[in-house]
Amino acid sequence: MSESGGNDAAYVGRPVRVLQGDAFVAGHAKYTSDFQFQGQLHAHLVRSPHAAARIKRVDVSGALKVAGVVMAMEGKEAAEHLDPVPHYIDPAVFGGKSVPIRCLAIDHVWCYGQPVAVVVAEDKRTARYAASKVLVEYEPILAVLDAEAALEPGAPVVVPGWGDNSIMALPFANGDAEAAFKRAHRVVGTTIRIHRFSTQPIETRVYNAVWEEETEGITFYGTSQNPHPLRYVLSRALRMPENRIRIVAPAVGGAFGMKMHGHPEEALVCLLARRTRRPVKWVEDREECLLIGAREQLHRVELALSKEGDILGLRDRAIANTGAPSACPGWGMAFLTGLTMPGPYRVQDLDVTMNIVATNKPSWNASRGYGKEATALALELAIDNAAREMGLDPIEMRIRNFVPKEAFPYPSPTGLVYDSGDYAGCVRRSLEALGYEVWKRERDSGRKEGRYLGIGLAYELTPEGGAIPGTMVAGFDSSTVRVSPDGSVLLLTGVTTPGTGNPTGMAQIVADELGVPIEAIRIVQGDTTTCPYGFGNYSGRSTIVGGGAAAMAAREVRAKIATLAAALLGVPAESIRIERGVIRTSATSDKTLSIAEVAYAAYTRAYDVGLSITPPLEATCTFRPGLIRHTPDEKGRINPYPSYSNAAYATVCEVDIETGQVRLLKFAVAHDCGKVINPLLVEGQACGAISFGVGGILHEEIRFDSRGKQLTQSFVDYVMPRALDMPGVAVVHHDSPNPVTYMGLKGAGEAGVGGSAAAVVNAVNDALAPLGVSIYELPLTAPRVWAAIEAARRRQAPPARREQAA
Amino acid sequence: MTENFEELIEDSVLLQCQVNGWPREAEITPSTSLLDWLRDDLHLTGTHMGCMTGHCGACTVMIDGRVAKSCITLAATVQRRQITTIEGLRGPDGGLSPVQQAFWDAAGFQCAYCAPGMLLTATELLKQNPDPTEQEIRRALAGNLCRCTGYQSIVRAVREAARLLRENSAK
């Protein structure tokens, strides 16, 4: 598709360094909290200390008496000016239970940390102090925290008016699972408990709403992944037309899904700015950021197996604890977990149900992996367990059950259509990169010396570029390429960057397609007034759709440049060559033009040579990848994804059985993200996702006391991996191009959390196999691993000794 | 009438120090963190807030050449000290320092929110140890969290910076 294929001068495929990186290393990149405006006010929220309570009374008068306080507001007053926040993905779209979401609680709180009131003051210290003067009288009621308990008859109901706590119970069924289980040689069941953990970007959420008196509008500076869809949400909540709201998302300090919108503070700061007619800023503190949950799921997986280890049928009874309702898209992760079953495996007889449950824990938001990490964890742990039970090699068992590379495009039993891949090839190459044979010998000889080494492998299939009908999760996006009269190039796009490097990738594409030096390109993202309409950053989509659209626009502009240059030179357009900003012709001798000369002519000579083109030197294009199918098939299924990135993760660990501590010695990944635009950036994405998986499975956990108060309140309690905790990662690109995207891109940003986490669990269980220990309750913190080892020791100790010990 | 006026009053202190080589003098309240003073009063926004508990390191600055977490340092305690922020890392010619250059070349950042901590910590490490091993680099960076890179490219950048610095000193 690209004219630059095979071109030695091409930027695509090379480790081009980050565009405008000097601002980042010199401290000049501007993040939302760096914006400070004339008359700046600061907001501080009052949050519920109870998991469930009736609100008897809110009295903000104490706060209003503090010097420097400008405004204080509770839920009922806010509701007079604000409508409910529209859901990013309304559960009602899927036939589930839905509830209007208010920015501040009215009469009732349904989770710890829910905003109840807000105080606005001249400085942040005063706002914080004054918030402590807001009096709220609560009548605590019984909370339900566990998802299974929440499904029991008679359990406390989280949302007043709901009959029960099940938001929806979704079946993902195909074929005849019952028959498969009947004819199975063996059925192996595995119960996997995935804990609550979170993305925790180092930059927390920050919103700064500026009231524009002149236009009676609002400019909202914010840590937003999706400025255009957020503008719609704010317009509904604020009862203002979209054309009076401008969203600016400046540099974002990591997002990973957490900065997708629906958060109560977004519309609230806008309201406060409109009421005070001054700029109002809110900076989330880490304690608040840790309230945002994700990923907590329980899976009861059963595999029906033939004697040789073929998976004949898959059953999973899954329950997701999505916490209290919210307008954020977090709950949808659980839907994706079910939809992505059975991952890379060819089993067609499927009986999966996913019960999405509300509890009195704080709400979820989207988290890198978006539920697909849970699919990988459930499947990959269950397969290792089955292989262990059957006495089979877990790697061979996987290869035996993979969708073979000849089978693409492959219709999955849940209605997805996998575009391409070579799963067995990725496994082979990941093991090579790991040094599998050497480590196997090391493990086996170590066992004789009392060392507990383990090797773990896991696969993750990560559908990317998703589009959910009836929601602002769209599959397409737009980009504009504009060449100014001086020949410099602006790329404006609807996709945003959370700091992943996608602007550099897109600039590489445009530089090649247009034929200009990459230094001539500047990118503008994250501004609803200057950028074409787009949906922002999620689902590994940015370079697929933003880059695809940019390539199309660049080609249109290149055609204009070639036409005009031909007219200027008096040669046929087909003879024009554009490379690194220099225009040559193969027709006449050695006459050349610069892009700047042609660009100036395009703007100044519209009625002579310029008549050959439509000015200006600009094009806006939309890329809408194929394969997505929103018309339900005969079984009522849709395919929301155009792209199926996938990867094999392999690791070696050593467990200290005296302390339960796990140390990773080596990590390797062989991944298929389609065409690699920039290996430096792709490797960065893979390594980042692996550190999410490693940290998430070994240390990170958000915990609560029995009444629902969150115990995890800072990085003292929420322990993320540091440089010393991460082993070196060998990254192998094993690409098969996607036939329906620009240049075969598949998306590289999201994948890896579940696959890497599952590889670690499998390695730990492999290390502990001689002790008869396998752990499926996550995370594998040292105390939990130690307790499992101790329990096994007690089981194996002779009864007499056990009595002695007692 | 304000009832809580007394609770809000703090005596101010006079702070005199150097920031990025420039003398600074300010009346501040004793509870002001060095981070807030740098960001809110001096508008040096390259130093970032991540946790306010000293764990993430996004707020790292140098005090008399040693890295420190500015979020848990009271501004009033840096009397007569020399503070260096990420904005002060550039060389005397205004160009990027070798450490900055290496971080850019080797993609030692993604979102770069943690970059002030990583760059200053690497600068301190390479002053003390011009040729650190990978393990020494990882240990030196252990006070700084990065959520994007998995540290691999940061470690590579520090190695590259060490090479550049050694080359420069050999010249």
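Numbers given to residues run from 1 along each chain, matching the order in which its sequence is written. Following the order in which they are written, the chains are lettered starting with A and the ligands numbered starting with 1. In view of the model being predicted, local features appear only for residues whose pLDDT reaches at least 70, and side-chain atom pairs are presented and counted only at 80 or more, with totals across whole chains, interfaces and linings using the full set of residues.

**Digging into the overall build of chain B**
Helix numbering and strand numbering both begin at the N terminus, where a helix is a DSSP run of H or I of at least 4 residues and a strand a DSSP run of E of at least 2. Tallying secondary structure elements over chain B gives six helices and five strands in all. Of the regular secondary structure in chain B, the N- to C-terminal order runs α-β-β-α-β-β-β-α-α-α-α. Counting only C-alpha atoms and orienting by the principal axes, one finds that chain B spans roughly 65 × 30 × 20 Å. Taking all 171 residues of chain B together, the buried fraction comes to 53%. Partly exposed residues are those whose C-beta has more than 12 but fewer than 20 other C-beta atoms within 10 Å; 20 or more makes a residue buried and 12 or fewer makes it exposed, with C-beta atoms placed from the backbone.

**Regarding the overall build of chain A**
When helices and strands are counted, chain A shows 21 helices and 28 strands. Against the compact-globule benchmark of 28 Å for 806 residues, chain A has a radius of gyration of 28 Å, which places it among compact chains. Across the 806 residues of chain A, 61% fall into the buried class. Think of it this way: build a C-beta for each residue from its backbone, and any pair within 7 Å is a contact. Across chain A, every contact between residues at least 6 apart in sequence was considered, and the portion connecting residues at least 24 apart equals 80%. Here the globule rule reads 2.2 Å times residues to the power 0.38, and the radius of gyration is calculated from C-alpha atoms.

**Things to note about the interface of chain A and chain B**
Listed as interface residues are 46 residues of chain A and, on the opposing side, 48 residues of chain B. Counting residues per element, the ones that place at least two in the side of chain A that touches chain B are α1 (21–25) and α18 (679–698) of chain A. It is α18 of chain A that provides the largest number of residues to the side of chain A that touches chain B, a total of six residues. Taken together, the residues that form the side of chain A that touches chain B break down as 23 nonpolar, 15 polar and eight charged. Only Asp, Glu, Lys and Arg are considered charged in this grouping, and only Ala, Val, Leu, Ile, Met, Phe, Trp, Tyr, Cys and Pro are considered nonpolar; every other residue, Gly among them, is considered polar.

**Things to note about the sheet that holds strand β4 (residues 66–69) of chain B**
All names here are of chain B. Spatially, the five strands line up as an open sheet ordered β2-β1-β5-β3-β4, and their pairing is mixed. Edge positions in the open sheet fall to β2 (22–28) and β4, since each of these has one partner strand only. For this sheet the average axis-to-axis angle between neighbouring strands, irrespective of direction, equals 40 degrees. Paired strands, in this sense, are two strands between which DSSP finds at least two bridges. When strand β1 (residues 13–19) meets strand β5 (residues 82–84), the two strands line up parallel, connected through two bridges. For Gln 18, the partnering residue across the bridge sits in β5 and is Gln 82. Lying over the sheet, helix α4 (residues 115–128) contacts β3 (60–63) and β4, oriented at roughly 35 degrees with respect to β3. Here an axis means a line fitted to C-alpha atoms, over the contact stretch when the element is a helix, while the angle between two N-to-C directions is reported on a 0 to 180 degree scale.

**Details of the packing of helix α7 (residues 227–238) of chain A against helix α8 (residues 264–276) of chain A**
Residues and elements named next belong to chain A. α8 packs onto α7 with a crossing angle of 55 degrees between their chain directions and a minimal axis gap of 10 Å. In terms of axis orientation, α7 runs oblique to α8. The way α7 lies across α8 gives a crossing that is right-handed. Within the contact between the two elements, α7 uses Leu 230, Leu 234, Ala 237 and Leu 238 and α8 uses Glu 266, Ala 267, Cys 270 and Leu 271. Here the word oblique covers every angle except those under 35 degrees (roughly parallel), over 145 (roughly antiparallel) and from 65 to 115 (roughly perpendicular). By definition, turning the near helix anticlockwise from the far helix through less than a right angle yields a left-handed crossing, and turning it clockwise yields a right-handed one.

**Some points on the confidence of the model for chain A**
Confidence scores here are pLDDT values: one per residue, from the predictor, ranging 0 to 100. Taken residue by residue, chain A gives an average pLDDT of 95. The fraction at 70 or more is 98%. Every residue in residues 802–806 of chain A scores below 50 in pLDDT, and together they form two contacts with partners more than four places removed in sequence or on other chains.

**Describing the confidence of the model for chain B**
Looking at chain B, pLDDT values average 94 and 95% of them are 70 or higher. As a predicted assembly, this complex carries a pTM of 0.96 together with an ipTM value of 0.96.

**A closer look at unusual backbone geometry**
The omega torsion across Phe 408 of chain A and Pro 409 of chain A is -5 degrees, close enough to zero to call that bond cis. Positionally, Pro 409 of chain A belongs in the loop between α12 (394–401) and β16 (410–411). Here the bond from Leu 778 of chain A into Pro 779 of chain A is cis, since omega is 0 degrees, no more than 30 degrees from zero. Among the secondary structure elements, Pro 779 of chain A is positioned in the loop between α19 (753–767) and α20 (782–796). If you check the backbone angles, Tyr 370 of chain A has positive phi at about 40 degrees while not being a glycine. Looking at where Tyr 370 of chain A falls in the secondary structure, it is placed in the loop between β15 (349–357) and α11 (372–390). The phi torsion at Tyr 151 of chain B lies on the positive side, around 75 degrees, for a residue other than glycine. Summarising the element assignment, Tyr 151 of chain B is placed in the loop between α5 (134–140) and α6 (152–170).

**A word on α11 of chain A**
To estimate how far a helix should extend, the number of its residues minus one is multiplied by 1.5 Å. Under the 1.5 Å per step criterion, the end-to-end length of α11 of chain A is 27 Å for 19 residues, consistent within 8% with the ideal 27 Å. Just past α11 of chain A, the residue Gly 391 of chain A takes up positive phi, approximately 70 degrees.

**Digging into the sheet that holds β15 of chain A**
All names here are of chain A. The sheet built from five strands is open, its strands ordered β7-β15-β14-β13-β8 with mixed pairing. Every interior strand has two partners, whereas the edge strands, β7 (166–174) and β8 (186–194), have only one. For this sheet, the mean angle separating the axes of adjacent strands, direction not counted, is 10 degrees. As paired elements, β8 and strand β13 (residues 297–305) share nine bridges and run antiparallel to each other. Each bridged residue has a counterpart across the sheet, and for Arg 186 the counterpart in β13 is Leu 305. The strands touched by helix α10 (residues 332–339) within the sheet are β7, β13, β14 (311–321) and β15, with β15 carrying the most contacts at an inclination of about 170 degrees. Sitting on the sheet, α11 is in contact with β8, β13 and β14, with an inclination near 140 degrees to β8.

**Section: the packing of α18 of chain A against α19 of chain A**
All names here are of chain A. It is the contact of α18 with α19, at a shortest axis distance of 7 Å, that shows an interaxial angle of 45 degrees. Considered as vectors, α18 and α19 are oriented oblique to each other. Between α18 and α19 lies a crossing of right-handed hand. For the pair formed by α18 and α19, the contact residues are Ala 689, Ile 690, Phe 692, Gly 693, Val 694, Gly 696, Ile 697 and Leu 698 on the first element and Val 753, Gly 754, Gly 755, Ser 756, Ala 757, Val 760 and Val 761 on the second. Class assignment for the residues of the contact of α18 with α19 results in 10 nonpolar, five polar and no charged.

**A look at the environment of Gln 114 of chain A**
All names here are of chain A. Looking at where Gln 114 falls in the secondary structure, it is placed in the loop between β4 (108–109) and β5 (115–121). Note on Gln 114: 26 C-beta atoms within 10 Å, which makes it buried. Separated by 11 residues in the primary sequence, Gln 114 and Cys 103 place their C-alpha atoms 9.1 Å from one another.

**Overview of the pairing of β1 of chain B**
The pairing of β1 of chain B with β2 of chain B spans seven bridges and is antiparallel. Looking at the pairing, Gln 18 of chain B lines up with Pro 23 of chain B of β2 of chain B.

**Re the nonpolar core**
Looking at soluble globular proteins, one finds that nonpolar side chains tend to be buried together. By convention in this section, buried Ala, Val, Leu, Ile, Met, Phe, Trp, Tyr and Cys residues joined through C-beta atoms within 7 Å make up a nonpolar core. Val 119 and Val 510 of chain A are the most contacted members of the largest nonpolar core, which has 334 residues in total. Not counting chain neighbours up to four residues away, the residues in contact with Val 119 of chain A comprise Ala 43, His 44, Ala 63, Val 69, Ala 72, Ala 127, Ala 130, Ala 131 and Val 134 of chain A.

**Remarks on the pairing of strand β18 (residues 452–464) of chain A**
Residue and element names in this part refer to chain A. The element β18 is largely enclosed, with a buried count of 13 among its 13 residues. Bridge count between β18 and strand β26 (residues 643–656): 13 bridges; the pairing is antiparallel. Residue pairing for β26: Leu 453 is matched across the bridge by Glu 654.

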